[in-house]
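# Notes for the structure review
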Amino acid sequence: MFHSIRFKFVIIIVISILISSVSVFFLAINEHENLYRKSVEQNLDAMSSVMADNILSIFTEDDDEGEVFFSLTTELLGLDRYEHIKFVNVFDANWNIIQYYVHPDYLNLKNFTPELTSVSPQNLPREVTITDEGLTVIKTIGEEKLPVGFLLIVQDYQRPLRESKKSLFYSAIPFVILVVALAMLISFLRYQQLFKPLLNLTKFTKKVEKTTDYNLKYRVTGNDEVSELGRNINKLLGTINAEIKTNQQNTEKLIEQQNSMQHLANYDTLTGLPNRMFFMEILKLELARSQRENEDLAIMFFDVDGFKGVNDTLGHETGDLLLKAVATKVKSFLRPGDILARLGGDEFLIMIPHLNNSLIAVNIANRIIEGMLSPIEINSWDIQTGVSIGIAKATDAEFDINTFISNADIAMYASKEKGKGSYTVFHKRMLEENRRKVQIANLITNAIAKDEFDIHYQLKISSQGSIKGLEALLRWKNDELGNISPAEFIPIAEQSGKVKAITRWLVERVFQDMSVLQTLVDHDLVVSLNISSHDLQDRNFIHFIKKNLSTYNVNIQNIQFEMTESSYLENFDSANEFFSNIRKMGGSIALDDFGTGYSSLSYLTKIEIDTLKIDRMFVMQHDSSGKDTVVLQTILDLGHRLGLQICSEGVETADQANYLILHGSDEMQGYYFAKPMPLAKLPEAFENAQRLFQEICVIEY
Ligand code: C2E
Ligand code: CA
Ligand code: CA
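Residues numbered from 1 in each chain as written. Chains lettered and ligands numbered in written order. Predicted model: local features only at pLDDT ≥ 70, side-chain atom pairs only at ≥ 80, totals over all residues. Heavy atoms only, no water.

The next subject is the pairing of strand β5 (residues 147-155). As a general feature of sheets, a regular strand has side chains that alternate between the two faces. Summarising burial for β5: 7 of the 9 residues are buried, a large majority. Pairing between strand β1 (residues 85-92) and β5: 7 bridges, direction antiparallel. Among the inter-strand pairings, phenylalanine 87 is bridged to a residue of β5, identified as valine 154. Here strand β4 (residues 134-142) pairs with β5 via 8 bridges, running antiparallel. If you follow threonine 136 over to β5, its bridge partner there is valine 154. (Buried < 20%, exposed > 50% of the residue type's maximum accessible area, 1.4 Å probe, protein only. Helix = DSSP H or I, 4+ residues; strand = E, 2+ residues; numbered from the N terminus. Pairing = 2+ DSSP bridges.)

Laid out in structure tokens, this is it:
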């Protein structure tokens, strides 16, 4: 309060009013004193002149000394009515006092002498002067040149002056107080009026501070400095408000960006599922929690069987929709709290926490696999797909996240090997198998250099009984592991990127063998080579083939390439390009293991093949149930309608061969006629096969 302008303002006003009042007051007193003295002097002068004249007449009229004295005394006593006359001396012409007069007020005063002591009366001028005794006047009685005597009158002048001043002071004080009070009041009122806009502005700024509402506006009335200040404050508020608004918008944008970035970072854009990174974070926490609470936890690794084929044959858009549909479908089989995440491509992971019983995971896996049996409809395609699931438990991995994921991965590969649409629960023995895989992958690196590979040929016989072709099948004998089946090492070679070198070795060896093979029969033999999808990634592969055709003088018409249905479809574009080149050159293509991958047959019209190789599975089962017979018959019909040659694999009995011949299989291959064998044994095998063919008694079905 004491720092406020209001307080300072009032203080300054009051002080200045006080100073001016006091100085005016003292000036007035001073003036009063002067005036008072002048009037007293004039009165005294007049009164003493009158008295000198009166005394002169007493002296001249009365001769009797006693009468003079009496008259003088009477005259002097007349002074009693003048309050402030102190004393009077009447002198004769020789300055001897002839009469005194003392005013009754001074009669009883101690130490009072009714004479001038400070100065001798003769020396005083003939006018009113101030001596120690008071206001003093000397008058000549009679003529100045012939004086009869002298009259001295002394009047008290200080006391009445004091009293007069006092009375003036007391009469002026209330007035001064009134003036000061009035001044204060007026200044206060003026202040209120003057400072009202400033006070309003202060109030306004306080309100803004309290409410933080920068939309408020100060109501400006007038044009003075305060109004200008108000206008500037309004402008400032406007700027602040605009700044706050843009800040708010920026913050909102930032938060939005942050959220979407967080979403982008944590979720898969296609399916909206948590992504790998986010899943790993959740899994880490869940592993720690489960371990703390002595619980088990399962994860399921799965991928969509034949996804790549769908992508390549039906387009990426359909592929994306399929992934979404699979995610939705799989999710519907999960319990609340289970988490489904997409790792990328067609790979997914499921976390199943609170695993009190391992059967929970198995049940979920069964439900998913069964659920996938019904086709998914996308863009009017009925897509038949499935999933291969690997299940792992946290306790088997001792709650180590990397081991845990790796175990689920191993289990998933085991499922794939088992055949599509199955699940496998990880077991420690799989680690042993995995170790063997790693060992094979390592040993395969030097297998070519160490000349450990060999080729066996398996013949193909026509429905007329002639040897039409041979299939080259790889054999590997290793010092450490002995004979290793291509069914085991080819997938490992593919996974470890070593299959391309092996295929090149195979192509060269087969082309080398061609001249000998051709001498075994008197008609054209077609020798087929199995190639892997990985070979197609090698752009130079086609040139390699061309080069070796000419090096070994091989006619490409005697060469056929076999590729499995799933490999073909998963690398649809590159396979089509490669096979189209081969066919243009005069070679032929066979689709291996037909019937194991896709039940959607629409792709058959779009691919570059000459022969369908019906998978052993259909041949083997043909007589066990009526249904399989129908499937086999349907495949044979379909192949013929599409103008394709049909080769049936895995013919093991005369009965199977009989059925196939009757139902239009163009060629047959299988243990019944011959097992795969080294080149040297082929002449004997050819004879044997033809003999066996003769033995088939053709029964009409
Ligand atoms: P595939 O191409 O389907 O080859 C036919 C497989 O069936 C061969 O097994 C053959 O021995 C076997 N087989 C033939 N007739 C019968 C039969 O009547 N009954 C039964 N149970 N099996 C029969 P193999 O030689 O063990 O080869 C297995 C697979 O390894 C092949 O299946 C092929 O996919 C792959 N493979 C073999 N050699 C090569 C190769 O040089 N390159 C590539 N990429 N893959 C190869
Ligand atoms: Ca084959
Ligand atoms: Ca096959």
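That was the structure; now back to the text.
Between helix α11 (residues 428-444) and helix α12 (residues 486-495), the shortest axis-to-axis distance is 9 Å and the interhelical angle comes to 75°. Classified by the interaxial angle, the pair formed by α11 and α12 is roughly perpendicular. Contacts from Arg436, Lys437, Ile440, Ala441 and Ile444 in α11 reach Glu488, Phe489, Ile492 and Ala493 in α12. Looking at side-chain class alone, the contact of α11 with α12 contains 6 nonpolar, no polar and 3 charged residues. (Axes fitted to C-alpha atoms, helices over the stretch in contact; angles between N-to-C directions. Parallel < 35°, antiparallel > 145°, perpendicular 65-115°, else oblique. Contact = heavy atoms within 4.5 Å. Nonpolar A, V, L, I, M, F, W, Y, C, P; charged D, E, K, R; others polar.)

Quick look at the nonpolar core now. One finds Leu459, Val510, Tyr568 and Phe673 to be the most contacted residues of the largest nonpolar core, which totals 84 residues. Counting residues per element, this core draws most heavily on helix α13 (residues 499-518), which supplies 9 residues. If we skip the residues at most four places from it in the chain, tyrosine 568 touches Met563, Ala575, Asn576, Phe579, Leu591, Ile607, Glu608 and Ile609. One finds Leu273, Met372, Ile376 and Ile383 within the second-largest nonpolar core, a separate group that totals 32 residues. (Core = buried A, V, L, I, M, F, W, Y, C linked by side-chain atoms within 4.5 Å.)

So, about the coordination of the calcium ion (ligand 3). Taken together, Asp592 (OD), Asp593 (OD), Glu649 (OE) and Glu649 (OE) make up the full set of protein donors to the calcium ion (ligand 3), lying 2.0 to 2.5 Å away. On the basis of relative accessible area, glutamate 649 is assigned to the buried category, the value being 12%. (Donors = N, O, S within 2.8 Å, 3.2 Å for Na, K, Ca; no water.)

Bringing the side chain of serine 164 into the picture now. With respect to the helices, strands and loops of the structure, serine 164 is situated in helix α4 (residues 158-211). A polar contact is formed between the side chain of serine 164 and the side chain of histidine 32, at a distance of 2.3 Å. Excluding anything up to four places from it in sequence, serine 164 contacts His32 and Tyr36. (Polar contact = N/O pair within 3.5 Å; in protein donor to acceptor, adjacent residues only side chain to side chain.)

Our next topic: the pairing of strand β16 (residues 526-530). Bridge analysis of strand β14 (residues 467-478) against β16 gives 4 bridges, and the strand direction is parallel. By the bridge assignment for β16, leucine 470 is matched with valine 527. As judged from the 4 bridges shared by β16 and strand β17 (residues 559-564), these two strands associate in the parallel manner. Note on β17: the bridge partner recorded for leucine 529 is phenylalanine 561.

Once that is clear, we can look at the sheet that holds strand β2 (residues 97-102). Taken in spatial order, the 5 strands make up an open sheet running β2-β1-β5-β4-β3, and their pairing is antiparallel. The open sheet is flanked by β2 and β3 (129-131), the only strands paired with a single partner. Pairs of neighbouring strands in the sheet enclose a mean axial angle of 25°, with direction left out of account. Of the pairings in the sheet, the one linking β1 to β2 comprises 5 bridges and is antiparallel in character. For phenylalanine 87, the partnering residue across the bridge sits in β2 and is valine 102. Running at roughly 30° to β4, helix α1 (residues 5-61) makes contact with β1, β2, β3, β4 and β5 of the sheet. Running over the sheet, helix α2 (residues 65-77) touches β1 and β2 and is turned about 30° from β2.

Before going further, it helps to spend a moment on a negative patch on the surface. Among the surface-exposed residues, Asp63, Asp64, Glu65 and Glu67 lie close enough to one another that they form a single negatively charged patch. Positionally, glutamate 67 belongs in helix α2. On the basis of relative accessibility, which here comes to 42%, the residue glutamate 67 falls in the partly exposed class. (Patch = residues over 30% accessible without salt bridge, like charges linked within 9 Å, V, L, I, M, F, W, Y side chains within 5 Å. Areas by Shrake-Rupley, 256 points an atom, 1.4 Å probe, with all protein chains shown as cover. Salt bridge = Lys/Arg side-chain N within 4 Å of Asp/Glu carboxyl O. Lys, Arg positive; Asp, Glu negative; His and termini not counted. Charge placed at Lys NZ, Arg CZ, Asp CG, Glu CD.)

Among the structural elements, asparagine 576 can be located in helix α17 (residues 572-585). Here asparagine 576 is in contact with Tyr568, Lys606, Ile607 and Glu608, once residues within four sequence places are set aside.

Moving on, we get to the pattern of salt bridges. Under the definition given, this model contains 28 salt bridges. Put simply, aspartate 156 and arginine 159 hold a salt bridge, and the shortest N to O gap is 3.4 Å. Of the residues examined, arginine 159 reaches a relative accessible area of 31% and is grouped as partly exposed. Taking the shortest distance from any N to any O, the salt bridge between lysine 613 and glutamate 562 comes out at 2.7 Å. Taken together, the residues lysine 613 in strand β19 (residues 611-614) and glutamate 562 in strand β17 connect sequence positions 51 residues apart. With a relative accessible area of 0%, lysine 613 lands in the buried category. Here glutamate 562 falls in the buried class, since its relative accessible area comes to 1%. Here the salt bridges share partners, and the residues they tie into one network are Lys460, Glu471, Glu562, Lys613 and Glu649.

Here the focus is the environment of isoleucine 177. Mapped onto the elements of the fold, isoleucine 177 is located in helix α4. Once the C-alpha coordinates of isoleucine 177 and glutamate 33 are considered, the two residues, 144 residues apart in sequence, prove to be 23 Å apart.

Okay, the coordination of the calcium ion (ligand 2) next. Only Glu471 (OE), Asn530 (OD1), Glu562 (OE) and Asp592 (OD) from the protein reach the calcium ion (ligand 2) as donors, at distances of 2.1 to 2.3 Å. When the donors of the calcium ion (ligand 2) are listed by position in the chain, the intervening gaps give E-x58-N-x31-E-x29-D. Here the calcium ion (ligand 2) and the calcium ion (ligand 3) are spaced 4.0 Å apart, with aspartate 592 acting as a shared donor. Linking asparagine 530 in strand β16 with glutamate 562 in strand β17, this pair joins segments that are 32 residues apart in sequence.

What follows concerns the domain arrangement of the protein chain. One can read the domain layout of the protein chain as domain 1 (23-186 + 197-265), domain 2 (276-427) and domain 3 (438-695). For domain 1 versus domain 3, the separation of C-alpha centres amounts to 139 Å. (Domains from an automatic or database assignment.)

In this section: the site of ligand 1. Around ligand 1 there are 21 residues in total, and Gln458, Arg475, Asp592, Glu652 and Tyr671 lie nearest to it. Take aspartate 592: an N or O atom from its side chain is 2.9 Å from an oxygen atom of ligand 1. Its free accessible area being 790 Å², ligand 1 has 84% of it covered by the protein chains. Of all elements in the fold, only β14, α12 and β18 (588-594) reach the threshold of two or more residues within the shell around ligand 1. For the shell around ligand 1, the leading source of residues is β14, giving 4 residues. (Near = heavy atom within 4 Å.)

On to the sheet that holds strand β8 (residues 347-352). Reading across the sheet, the 5 strands line up as β7-β8-β6-β11-β12 and stay open at both edges, with mixed pairing between neighbours. Two strands bound the open sheet, and with one partner strand each, they are β7 (339-344) and β12 (423-425). Each strand of the sheet is rotated relative to its neighbour by a mean of 20°, with strand direction disregarded. Here helix α6 (residues 276-292) sits on the sheet in contact with β6 (298-304), β7 and β8, set at roughly 20° to β8. On the sheet, helix α10 (residues 401-418) packs against β6, β8, β11 (387-393) and β12 and is oriented at approximately 145° with respect to β11.

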